[in-house]
Amino acid sequence: MALILNEEQQMLRDSAKSFITESSPVSSLRERRDRGEEWSPELWQGMAEMGWAGMVIPEAYGGLEFGYVGAGLVMEECGRVLASSPLLSSSFVSASLIASLGSDEQKETLLPAIASGASIVSLAVNETDRFDPTVTALTAQQDGDEFVLNGTKRHVLDGKIANTFIVAAKTAGNADETRLFVVADDAPGITVEASRNADTRLVTSMQFDGVRVAAENLLGDAGATWPALERALDIGAVLSAAELSGLAQEAFERTLEYLKERKQFGVPVGSFQALQHRAAQLFCELELCKSAILKAGQAIDEDLPERSRLASMAKAKTAKTAKLAVNEAVQMFCGIGMTDEFDIGFFMKRAAAACQEFGDYYYHADRFARLGGY
Amino acid sequence: MTNLEQFRQETRDWLDENCPASMRQPVKSDKDQCWGGRNWQFTNDDQRVWLERMAERGWTVPQWPTEYGGGGLSQAEAKILKQEMARIHARRPLDSFGIDMLGPALLKFASEEQKQRFIPPIIRGEIRWCQGYSEPNAGSDLASLQARADDKGDHYLINGSKVWTSYADKSDWIFCLVRTDFEAPKHQGISFLLFDMASPGITTHPIKLISGFSPFCETFFENVEVPKENLIGDINKGWNIAKYLLTHEREMIGGFGLLRAGVTTLGQQAVAAIGTRDERLADDGLRSDITAFEIDEMAFAATVERVVDEAKAGQGTGAASSLIKLYGTELNKTRYELLMSLGGSDALFWGNDEDTTVSKDWLRSKGNSIEGGTSEIQLNIIAKRILGLPS
Ligand SMILES: Cc1cc2nc3c(=O)[nH]c(=O)nc-3n(C[C@H](O)[C@H](O)[C@H](O)COP(=O)(O)OP(=O)(O)OC[C@H]3O[C@@H](n4cnc5c(N)ncnc54)[C@H](O)[C@@H]3O)c2cc1C
């Protein structure tokens, strides 16, 4: 398969770009922040009407079945304008998990609602400060035809606005076995605590105190759970990299414009070779990110055996590059780049948060090395 | 079966039958590479057979037009051939400046007669070419070159010198930049000439590199007569040809950043050398450096793949050669730094002059970010031509 976008994908990218720059410019993020709002239901509605909420969902369940390269293009455009929405957590990651593990009935009840945007399903897996899906202390104790969940989850994406969670738990008696449960947000015993992060988004911690879940809400067989979860997390990593890539490209392009405009010593500062070489180096890094993400996206779409290693490669490379891009941006915008009034700071803050989502550079570098046999 | 699937199957069968077993071993030293040319001594019969068989199908240059003996493959077919060769670790049948540098320029700029004359011997590995660009006072500022060609009616007379001319002492012919107008602005007085290195008046002196080998030379021209029909393109219009050729050279050199077929990854080599602790390479610092390297190596390989596929689809920027040159050569240097580190003092082993060792390869790799235009020059090109930053 050629490592380029096909015609449909190019059209998708163009339409995504025009929709998102129109409906969610960076200025709208500033307005929301100043009003103390986390997200925009109207934007979410618009995204759903564009079909984005169902992009990776099978047609049989109301989706477009467009694939993950396409989802990456949408995330990239969202990244460019710092748009906030539950696309990644609900429509892409959770939906992929439900599509691969769910019973017919579960798929029937959950997927069409995700595809239409009516339902937001969030993945509650992580329990640690730094992302690590292999650590699960939350327990699920069987009690008749119910399970009782006790424990905590941390950094749950879109936890405050989700109406359903997919919760990873250890089933007692078999400490190594991670199982997934579909849990409604209003189940008695759940407390969701939200706090505001630097990027203005809310992060949530969840407490499960004796939450009772019917056994039929188990998602998938024991044996199939971990491979499907790993795949979903690979998807999360690659799409989060796509968001970061868009963000970094936009920060870079804004910086480049400034280098051509801003004059000191009677010349544009972009004529200084010290800055030219740094800009050129960054350009190369950004090009590598684009290739890495496309390669990893294709590996997901084609279900290639090297999918996980490529996913970690893409996220690690992009996380590192996005940090470089925003750091160079602030240094080159200089004084004005340090002001709140100017938008570039939003890029820096969002980059830091997106780097953490689904694992940062260090997590993925370590995983990449392990998968490479060292 | 689609046409491409069928092509893959046929290619696989053909390679299976025709690629000698010894040509499926990784290239370990210079001797394993086949450069061809009038004076070439094949290392063994397999090397000769492999070149002849591939050349006969035009597969030394899979995508060049068949009318000059090329393979005439589409981009998609060429990709398959490459994959199938990589699958069995087949060596490149012919390494050649004729293929990687001169040929593409001839295909674009030469007259039909010149193409008929010069391209088939490149494809068959019969003529080995060297590159006469750099001079003692014209390095990065190549266009300031001073070697001259004077019009003597029925021929040009060449005087001057070149330096760092790789394999000048082993090559049959040279593609050479000469000044044909001393009054014009420097880029507008340069011409692109081809001539036989056996012509009277040419001398070469090998220069020893820090790696102990002497692959390049000082090259002197004293009243060398060159027939006029050996001028490529118009007089004083050589600079465009020179630059076009450089884009191909840069992509070739940048390719050093790719993991060679059949060679184990750096991480695996490190495990073999150092061992593991808790299932991770036993040296934490080296592990994180190797990881960063391999991540870049893989992202770079994807970029080379994307650039080729984009060019085929007519989507590319066309300015990718500087990116590939810069990134690939810096990666290759990092690869050798890491190889030296993981080998420790053992990696410093030098051996006899003709031995190929890690330490010699490491030193040779330093030239990658110099030859074909330095890394700094590539950064300049990207900044100005791609990013549009002001002078
Ligand atoms: C292994 C090897 C093989 C070679 N083979 C050939 C060959 O076959 N044929 C041939 O013609 N040549 C060949 N070369 C020569 C090579 O192309 C030149 O060495 C190269 O172009 C640089 O020229 P220079 O060495 O004179 O360095 P200089 O141009 O003197 O550069 C010195 C330093 O200044 C920097 N610099 C120069 N200009 C700028 C600028 N504008 N901005 C920022 N920094 C700048 C350079 O990057 C470098 O770091 C070979 C070189 C090597 C190392």
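Calculation notes
- Residues numbered from 1 in each chain as written.
- Chains lettered and ligands numbered in written order.
- Predicted model: local features only at pLDDT ≥ 70, side-chain atom pairs only at ≥ 80, totals over all residues.
- Heavy atoms only, no water.
- Helix = DSSP H or I, 4+ residues; strand = E, 2+ residues; numbered from the N terminus.
- Rg over C-alpha atoms; globule rule 2.2 N^0.38 Å.
- Contact = heavy atoms within 4.5 Å.
- Areas by Shrake-Rupley, 256 points an atom, 1.4 Å probe, with all protein chains shown as cover.
- Near = heavy atom within 4 Å.
- Polar contact = N/O pair within 3.5 Å; in protein donor to acceptor, adjacent residues only side chain to side chain.
- Nonpolar A, V, L, I, M, F, W, Y, C, P; charged D, E, K, R; others polar.
- Domains from an automatic or database assignment.
- Salt bridge = Lys/Arg side-chain N within 4 Å of Asp/Glu carboxyl O.
- Buried < 20%, exposed > 50% of the residue type's maximum accessible area, 1.4 Å probe, protein only.
- Phe/Tyr/Trp six-rings, centres within 6.5 Å; stacked < 30°, edge-to-face > 60°.
- Pairing = 2+ DSSP bridges.
- Buried area = accessible area lost by both parts, 1.4 Å probe.
- Patch = residues over 30% accessible without salt bridge, like charges linked within 9 Å, V, L, I, M, F, W, Y side chains within 5 Å.
- Lys, Arg positive; Asp, Glu negative; His and termini not counted.
- Charge placed at Lys NZ, Arg CZ, Asp CG, Glu CD.
- Core = buried A, V, L, I, M, F, W, Y, C linked by side-chain atoms within 4.5 Å.

Before going further, it helps to spend a moment on the overall build of chain A. Helix and strand counts for chain A come out as 11 helices and 10 strands. Computed over the C-alpha atoms, the radius of gyration of chain A is 21 Å, within 12% of the 21 Å expected from 2.2 N^0.38 for a compact globule of 374 residues. The C-alpha extent of chain A, read off along each of the three principal axes, is 80 × 45 × 40 Å. For chain A, the proportion of contacts with a sequence separation of at least 24, taken over those separated by at least 6, is 73%. On chain A, roughly 14,700 Å² of surface is accessible, and the fraction owed to carbon and sulfur atoms is 50%.

Before going further, it helps to spend a moment on the site of the ligand. In the vicinity of the ligand lie 18 residues, with Ser134(B), Ser140(B), Trp164(B), Thr374(B) and Glu376(B) positioned nearest. More than a single chain frames the ligand: its nearby residues are located in chains A and B. Ser134(B) places a polar main-chain atom, nitrogen or oxygen, 2.6 Å from an oxygen atom of the ligand. Take Ser166(B): an N or O atom from its side chain is 2.8 Å from a nitrogen atom of the ligand. With the chains in place, 68% of the 980 Å² that the ligand exposes on its own is no longer accessible. Those elements that place two or more of their residues in the shell around the ligand are strand S3 (155-166) and helix H11 (375-386) of chain B. When grouped by side-chain class, the residues that make up the shell around the ligand number five nonpolar, 10 polar and three charged. Counting only domains with at least three residues in the shell around the ligand, you end up with domain 2 (129-236) and domain 3 (241-386) of chain B.

The subject of this paragraph is the pattern of salt bridges. Think of it this way: side chains of opposite charge can pair up when their charged atoms draw near. Residue and element names in this part refer to chain A. Following the criterion strictly, the structure yields 58 salt bridges over all chains and no others. One salt bridge connects Arg 350 with Glu 243, and the closest N-O pair in it is separated by 2.9 Å. Separated by 107 residues along the polypeptide, Arg 350 in helix H10 (residues 344-356) and Glu 243 in helix H7 (residues 222-261) bring together distant segments of the chain. The exposure class assigned to Glu 243 is buried, which follows from its relative accessible area of 3%. Through salt bridges with shared partners, a single network forms among Arg 30, Arg 33, Asp 34, Arg 80, Glu 250, Glu 253, Arg 254, Asp 340 and Asp 343.

All names here are of chain B. All told, the structure shown has 23 aromatic pairs over all chains when counted by the stated rule. For the ring pair Phe 97 and Tyr 167, a centre distance of 6.0 Å and an interplane angle of 55° mean the geometry is tilted. Residue Phe 97 is found in helix H4 (residues 97-109), and its partner Tyr 167 is found in the loop between S3 and strand S4 (173-179); the two are separated by 70 residues along the sequence. There is no split in this pair, since Phe 97 and Tyr 167 are both buried. Note on Phe 109 and Tyr 244: the rings are 5.6 Å apart at their centroids and 75° apart in plane angle, and the pair reads as edge-to-face.

Attention shifts here to the pairing of strand S1 (residues 121-124) of chain A. Looking down a regular strand, the side chains alternate between one sheet face and the other. All names here are of chain A. Judged by which residues are buried, S1 turns out to be covered on both faces: Val 121 and Leu 123 on one side and Ser 122 and Ala 124 on the other are all buried. Two strands pair when backbone bridges link them, and S1 and strand S4 (residues 164-171) are joined in this way by four bridges, in the parallel orientation. When the bridges of S4 are listed, Ala 124 appears paired with Val 167.

Quick look at the interface of chain A and chain B now. Contact with chain A, which involves 44 residues of that partner, is made by 40 residues of chain B. In total, chain A and chain B occlude about 3,500 Å² of area from one another, counting both sides; carbon and sulfur atoms represent 65% of this. The interface formed by chain A and chain B contains six salt bridges. Ionic pairing is found between Asp366(A) and Arg280(B), a salt bridge with its closest N-O pair at 2.7 Å. Inspection of the chain A/chain B interface yields 18 residue pairs in polar contact (both at pLDDT 80 or more).

Another aspect to go through is the environment of Gly223(A). In this structure, Gly223(A) sits in helix H7. When the C-alpha positions of Gly223(A) and Arg179(A) are compared, they lie 9.3 Å apart, and in sequence the two are 44 residues distant.

All names here are of chain B. Split into domains, chain B comes out as domain 1 (26-124), domain 2 (129-236) and domain 3 (241-386). Between domain 2 and domain 3, the C-alpha centre-to-centre distance is 30 Å. Listed per partner, the contact involves 14 residues of domain 2 and 14 residues of domain 3. Taken together, both faces of the contact between domain 2 and domain 3 bury some 1,100 Å²; the carbon and sulfur share is 72%. Ranking the residues of domain 2 by area buried against domain 3 places Ile 210, Ser 211 and Phe 213 at the top, with a combined share of 39%. Across the contact surface, domain 2 and domain 3 share zero salt bridges. Counting across the domain 2 and domain 3 interface gives two residue pairs in polar contact (both at pLDDT 80 or more). Along the lines of polarity and charge, the residues of the side of domain 2 that touches domain 3 split into nine nonpolar, five polar and no charged.

To continue, consider the side chain of Asp32(B). Residue and element names in this part refer to chain B. Structurally, the position occupied by Asp 32 is in the loop between helix H1 (3-18) and helix H2 (45-56). Here Asp 32 falls in the buried class, since its relative accessible area comes to 18%. The contacts of Asp 32, once residues within four sequence positions are left out, are Pro 26, Val 27, Gln 47 and Arg 91.

All names here are of chain A. A contiguous patch of negative charge on the surface is contributed by Asp 104, Glu 105, Glu 108, Asp 145 and Glu 216. With respect to the element layout, Glu 105 can be found in helix H6 (residues 104-115). Overall, the relative accessible area of 63% leaves Glu 105 in the exposed class.

Here we come to the nonpolar core. Across soluble globular proteins, nonpolar side chains have a tendency to be buried as a group. Residue and element names in this part refer to chain A. Membership of the largest hydrophobic core comes to 158 residues, with the highest contact counts inside it found for Trp 52, Leu 97 and Leu 149. Ranked by the residues each element gives to this core, the list is headed by H7, at 18 residues. Apart from residues lying up to four places away in sequence, Trp 52 is in contact with Leu 12, Ala 16, Phe 19, Ile 20, Met 47, Val 74, Cys 78, Leu 87, Ser 91 and Phe 92.

Turning our eyes to something else, we now look at the domain arrangement of chain A. Residue and element names in this part refer to chain A. Under the domain assignment used here, chain A contains domain 1 (7-119), domain 2 (122-222) and domain 3 (224-371). Just the C-alpha atoms count here: the centres of domain 2 and domain 3 sit 30 Å apart. Contacts between domain 2 and domain 3 engage 18 residues on the former and 16 residues on the latter. Buried area between domain 2 and domain 3, both sides added, is near 1,500 Å², and the carbon and sulfur share of it is 67%. Of all residues in domain 2, Phe 131, Leu 157 and Asp 199 give up the largest surface area on contact with domain 3, accounting jointly for 35% of the area buried on that side. Counting across the domain 2 and domain 3 interface gives three salt bridges. Between Arg 130 and Asp 360 there is a salt bridge whose closest N-O contact spans 3.1 Å. Our enumeration of links across domain 2 and domain 3 arrives at six residue pairs in polar contact (both at pLDDT 80 or more). It is strand S5 (residues 178-184) that provides the largest number of residues to the side of domain 2 that touches domain 3, a total of three residues. For the side of domain 2 that touches domain 3, the residue count by class is nine nonpolar, three polar and six charged.

What follows covers unusual backbone geometry. Its identity is not glycine, yet Phe265(A) carries a phi of approximately 55°, on the positive side. Tracing the chain through its elements places Phe265(A) in the loop between strand S9 (263-264) and strand S10 (267-268). Judged by its relative accessible area of 79%, Phe265(A) falls in the exposed class. In the Ramachandran plot, Asn236(B) falls in the positive-phi region, its phi being about 70° despite a non-glycine side chain.

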